[in-house]
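So you can see what is in the structure, the chains are spelled out below.
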Amino acid sequence: MAVLPLLLCLLPLAPASSPPQPATSSPCPRRCRCQTQSLPLSVLCPGAGLLFVPPSLDRRAAELRLADNFIAAVRRRDLANMTGLLHLSLSRNTIRHVAAGAFADLRALRALHLDGNRLTSLGEGQLRGLVNLRHLILSNNQLAALAAGALDDCAETLEDLDLSYNNLEQLPWEALGRLGNVNTLGLDHNLLASVPAGAFSRLHKLARLDMTSNRLTTIPPDPLFSRLPLLARPRGSPASALVLAFGGNPLHCNCELVWLRRLAREDDLEACASPPALGGRYFWAVGEEEFVCEPPVVTHRSPPLAVPAGRPAALRCRAVGDPEPRVRWVSPQGRLLGNSSRARAFPNGTLELLVTEPGDGGIFTCIAANAAGEATAAVELTVGPPPPPQLANSTSCDPPRDGDPDALTPPSAASASAKVADTVAPTDRGVQVTEHGATAALVQWPDQRPVPGIRMYQIQYNSSADDILVYRMIPADSHSFLLTDLASGRTYDLCVLAVYEDSATGLTATRPVGCARFSTEPALRPCAAPHAPFLGGTMIIALGGVIVASVLVFIFVLLLRYKVHGGQPPGKAKAAAPVSSVCSQTNGALGPVPSAPAPEPAAPRAHTVVQLDCEPWGPSHEPAGP
């Protein structure tokens, strides 16, 4: 019982209540400032010289600022488990790579700043998990590609998207059209050359659209532009107004921009780049009546074309206008033609039929249309029977005769050709091939004007190396053609046919003009460089020759010097210089006498014997006195 009063006395000394203590926090990274005393928690590391995201981050942080560092990559584990992070700034680093799923745990993130880095592309998995993102800043990077699904997770929540100052030539316009809550869209200072019509029609909350300094020549009208008033400056504009900036683009001021000229706007930096009459003029100073277009005019179309069945055919149509017309083709049956398994339509106005059939013949219509109107032109195509195989397999190309079963005239028109031949004077069927080189040959044929209704000429030829028959269609007013796709060193069989309209049957027929055989010259082979072993042997022989020549010259010089010094070596000749020779003439017992100058030679005497004794003469052999 004595313990109870003691406890009662100590009870007032205890504190009435103690505040809750925060859980133990992670240590603050070096060179960073951390706010952990009160919520929300923040980690501030701007300009700390960091090379990577610090591993000792407090995973409960709501704000993380890592701007102005040298971080080169964001890895998957760098931001793992930071489920409460609301604001992340990685601006002005050297980030080149963001791992797929690097932000997957940041489901509460509201703002992501990745501007001022070195990103070149953004894939579909790099922004995965940002389901509450409001602000995405990607300006001042090197973005050249943006995946179509890159913004899928934040498409419904994104309010601010900045893609300015990048290298974007194309954008996933369909994906951008799903950003229903976006207020600001920055696309300025990129390489965009076109914007599809209706690209912004579903952006009902869009308040500012910046397309300054791109490569846009025109801006298509959009339902969003007609629904909201357009202003150039945000100051003083109502909340429902759309601020549209499109200065710094090479605008082509024609009738396609009249809709924009009619809008009430404040001044901006827009100017016209073309046409030449309006180049450099201030956009808003050009009168509405000067925004004009020119209707299309067809300047070139294919002449009537005849091809055998099974061969390709190319129909061409060219048109000019302002803006540039779009060319479409309509079949003889009235169907609009496009790319299919049998046909290809090219943007330059060419329609290519890959494999022709007998039913493809008829009148094809070329339609060139632009904003000012349209123009049409007709191109006739005739599809004849397949070519006979005899020409490709034969070894001669003699001019066929009428009635010959091997003639090139189609069977359906053989009778008509015979009738025409009876009424028309015979013509010279000589076909000449002149000026043929290694890969080219000039084909000439006589005038066929007596044959009525000639539409064109057809050249058929094949080489001795294969059986592939090549066709060339020539206009009716031509009498020569230069073949430039030949192979060198081959023999060719060539025939010229006249394609004409048979007046008796109304069908297209062919009449042989003549045939010829010629050979192309062989190609000149370039001089090959000597092989390495040959060069090595040549060098050894040349070096040996130089050495032998030097030895011979040295020997010749020695021999020459030896001869000059009287047959003695130069050293020995000097040593024997004081010694002379003494010659004496003896007749019987006469002693030696001093030598005298040799007398002039005289005629020899008969029976005279002269003996000369030559002894060395020196100091010890001086002559005796008289």
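Analysis parameters
Residues numbered from 1 in each chain as written. Predicted model: local features only at pLDDT ≥ 70, side-chain atom pairs only at ≥ 80, totals over all residues. Heavy atoms only, no water. Helix = DSSP H or I, 4+ residues; strand = E, 2+ residues; numbered from the N terminus. Buried < 20%, exposed > 50% of the residue type's maximum accessible area, 1.4 Å probe, protein only. Contact = heavy atoms within 4.5 Å. Areas by Shrake-Rupley, 256 points an atom, 1.4 Å probe, with all protein chains shown as cover. Phe/Tyr/Trp six-rings, centres within 6.5 Å; stacked < 30°, edge-to-face > 60°. Pairing = 2+ DSSP bridges. Axes fitted to C-alpha atoms, helices over the stretch in contact; angles between N-to-C directions. Disulfide = S-S within 2.5 Å. Polar contact = N/O pair within 3.5 Å; in protein donor to acceptor, adjacent residues only side chain to side chain. Core = buried A, V, L, I, M, F, W, Y, C linked by side-chain atoms within 4.5 Å. Salt bridge = Lys/Arg side-chain N within 4 Å of Asp/Glu carboxyl O.

J.: Help me understand the overall build of the protein in this model?
T.: Counting secondary structure elements, the protein contains eight helices and 35 strands. Expressed as a percentage of the 626 residues in the protein, the buried residues total 37%. Here the analysis covers contacts within the protein between residues at least 6 apart in sequence; of these, 56% occur between residues at least 24 apart. When the accessible surface of the protein is split by element, carbon and sulfur atoms take 58% of a total near 35,900 Å².

J.: I keep staring at the environment of Val443 and nothing clicks. Help me out?
T.: Positionally, Val443 belongs in strand 28 (residues 441-444). Between the C-alpha atom of Val443 and that of Val496, which follows or precedes it by 53 residues, the distance is 9.1 Å.

J.: Explain unusual backbone geometry to me, please; I cannot follow it from the model alone.
T.: With glycine set apart, most residues show a phi of negative sign, and most peptide bonds adopt trans. A cis geometry characterises the amide bond from Ser274 onward to Pro275, with omega recorded as 0°. As for its placement among the helices and strands, Pro275 is situated in the loop between strand 17 (272-274) and strand 18 (294-301). The peptide bond linking Asp322 to Pro323 adopts the cis configuration, its omega dihedral lying at 0°. Mapped onto the secondary structure, Pro323 falls in the loop between strand 20 (313-322) and strand 21 (326-330). One non-glycine residue, Asn140, lies in the positive phi region at around 55°. On the secondary structure map, Asn140 appears in the loop between strand 9 (135-137) and strand 10 (145-146).

J.: Would you take a moment to explain the packing of aromatic side chains for this structure?
T.: Two measures describe an aromatic ring pair: the distance that separates the ring centres and the angle between the ring planes. Applying the stated rule across the entire model yields seven aromatic pairs. For the pair Trp173 and Phe200, a centre-to-centre distance of 6.0 Å together with 85° between the ring planes defines the contact as edge-to-face. Highlighted residues: Trp173 in helix 2 (residues 173-176) and Phe200 in the loop between strand 12 (184-186) and strand 13 (208-210), separated in sequence by 27 residues. In terms of burial, Trp173 and Phe200 fall into one category: buried. Clustering of aromatic rings is evident, with ring pairs tying together Phe246, Phe283, Trp284 and Phe291.

J.: I keep staring at the sheet that holds strand 27 (residues 432-434) and nothing clicks. Help me out?
T.: The pairing of strands in a sheet comes from backbone hydrogen bonds and takes either a parallel or an antiparallel form. Judged by pairing direction, the sheet is antiparallel, and its three strands sit side by side in the order 27-28-31 without closing on themselves. Strand pairing shows two members of the sheet lacking a second neighbour, strand 27 and strand 31 (480-483), which therefore form its edges. Strand-to-strand twist across the sheet, computed as the mean angle between neighbouring axes with direction ignored, equals 25°. In terms of strand pairing, strand 27 meets strand 28 through three bridges, oriented antiparallel. Within the sheet, the bridge partner assigned to Val433 lies in strand 28 and is Val443.

J.: What is the right way to look at the state of the cysteines in this model?
T.: Among covalent bonds in proteins, the disulfide is the one between the sulfur atoms of two cysteines. Scanning the entire structure with this criterion turns up six disulfides. Across a sulfur-sulfur distance of 2.0 Å, Cys28 and Cys34 are joined as a disulfide pair. For the disulfide bridge between Cys28 and Cys34, the dihedral angle about the S-S bond is near 80°, and by the sign convention the bridge is right-handed. Taking the relative accessible area as the measure of exposure, Cys34 reaches 29% and is therefore partly exposed. Between the sulfur atoms of Cys255 and its disulfide partner Cys293 the distance amounts to 1.8 Å. Given an S-S torsion of about -100°, the disulfide between Cys255 and Cys293 has left-handed geometry. In this pair, Cys255 is assigned in the loop between strand 16 (251-252) and helix 4 (258-261) and Cys293 in the loop between strand 17 and strand 18, connecting sequence segments 38 residues apart. Owing to a relative accessible area of 25%, Cys255 belongs among the partly exposed residues under this scheme. Once the bonded cysteines of the protein are numbered in order along the sequence, the disulfide links fall as 1-3, 2-4, 5-7, 6-8, 9-10, 11-12.

J.: Would you mind showing me how to read the side chain of Asn249 here?
T.: Mapped onto the secondary structure, Asn249 falls in the loop between strand 15 (242-245) and strand 16. A distance of 3.0 Å separates a polar atom in the side chain of Asn249 from the backbone oxygen of Met211. Polar contacts involving the side chain of Asn249 include one to the main-chain carbonyl oxygen of Phe246, which spans 2.9 Å. Not counting residues up to four positions away in its chain, the partners in contact with Asn249 are Met211, Thr212, Ser213, Asn214, Arg215, Leu216 and Ala271.

J.: In this structure, what is going on with the sheet that holds strand 22 (residues 336-337)? I would like to understand it.
T.: On the basis of which strands lie adjacent, the open sheet formed by five strands has the order 19-26-25-21-22 and mixed pairing. Because the sheet does not close on itself, it has two edges, and the strands there are strand 19 (305-308) and strand 22. As judged from the four bridges shared by strand 19 and strand 26 (residues 373-384), these two strands associate in the parallel manner. For Ala306, the partnering residue across the bridge sits in strand 26 and is Thr382.

J.: What am I meant to see in the environment of Val499 here?
T.: Inspection of the secondary structure assignment puts Val499 in strand 32 (residues 491-501). Using a relative accessible area of 2% as the deciding quantity, one classes Val499 as buried. Put simply, Val499 and Leu305 are 194 residues apart on the chain and 9.7 Å apart in space, counted from C-alpha to C-alpha.

J.: Any chance you could explain the nonpolar core here in plain terms?
T.: A general trend in soluble globular proteins is that nonpolar side chains are found buried together. Core analysis: the biggest nonpolar cluster contains 77 residues, and Leu88, Phe103, Leu112, Phe200 and Leu209 have the highest contact counts within it. It is helix 4 that contributes the most residues to this core, three residues altogether. Leaving out residues up to four positions away in the same chain, Leu88 has contacts with Leu64, Leu79, Phe103, Leu106, Leu109, Ala111, Leu112 and His113. By size, the runner-up hydrophobic cluster in this structure holds 20 residues, among which are Val433, Trp445, Leu483 and Ala516.

J.: Mind showing me how you'd approach the pattern of salt bridges here?
T.: Opposite charge on two side chains allows them to pair when their charged atoms are near. A full pass over the atoms with the stated rule returns 15 salt bridges. Arg76 is the salt-bridge partner of Asp105, the closest N and O atoms lying 3.9 Å from each other. On the criterion of sequence distance, the pair formed by Asp105 in the loop between strand 6 (97-98) and strand 7 (111-113) and Arg76 in the loop between strand 4 (73-74) and strand 5 (87-89) is long-range, its members being 29 residues apart. What makes Arg76 partly exposed here is its relative accessible area of 37%. In this structure, the salt-bridge partner of Arg178 is Asp152, at a minimum N-O distance of 3.2 Å. Taken together, the positions of Arg178 in the loop between helix 2 and strand 12 and Asp152 in the loop between strand 10 and strand 11 (160-162) put the pair 26 residues apart, joining distant regions of the chain. Residue Arg178 is classed as partly exposed on the basis of its relative accessible area, which comes to 38%. Connected via shared salt-bridge partners are Asp68, Arg92 and Asp115.

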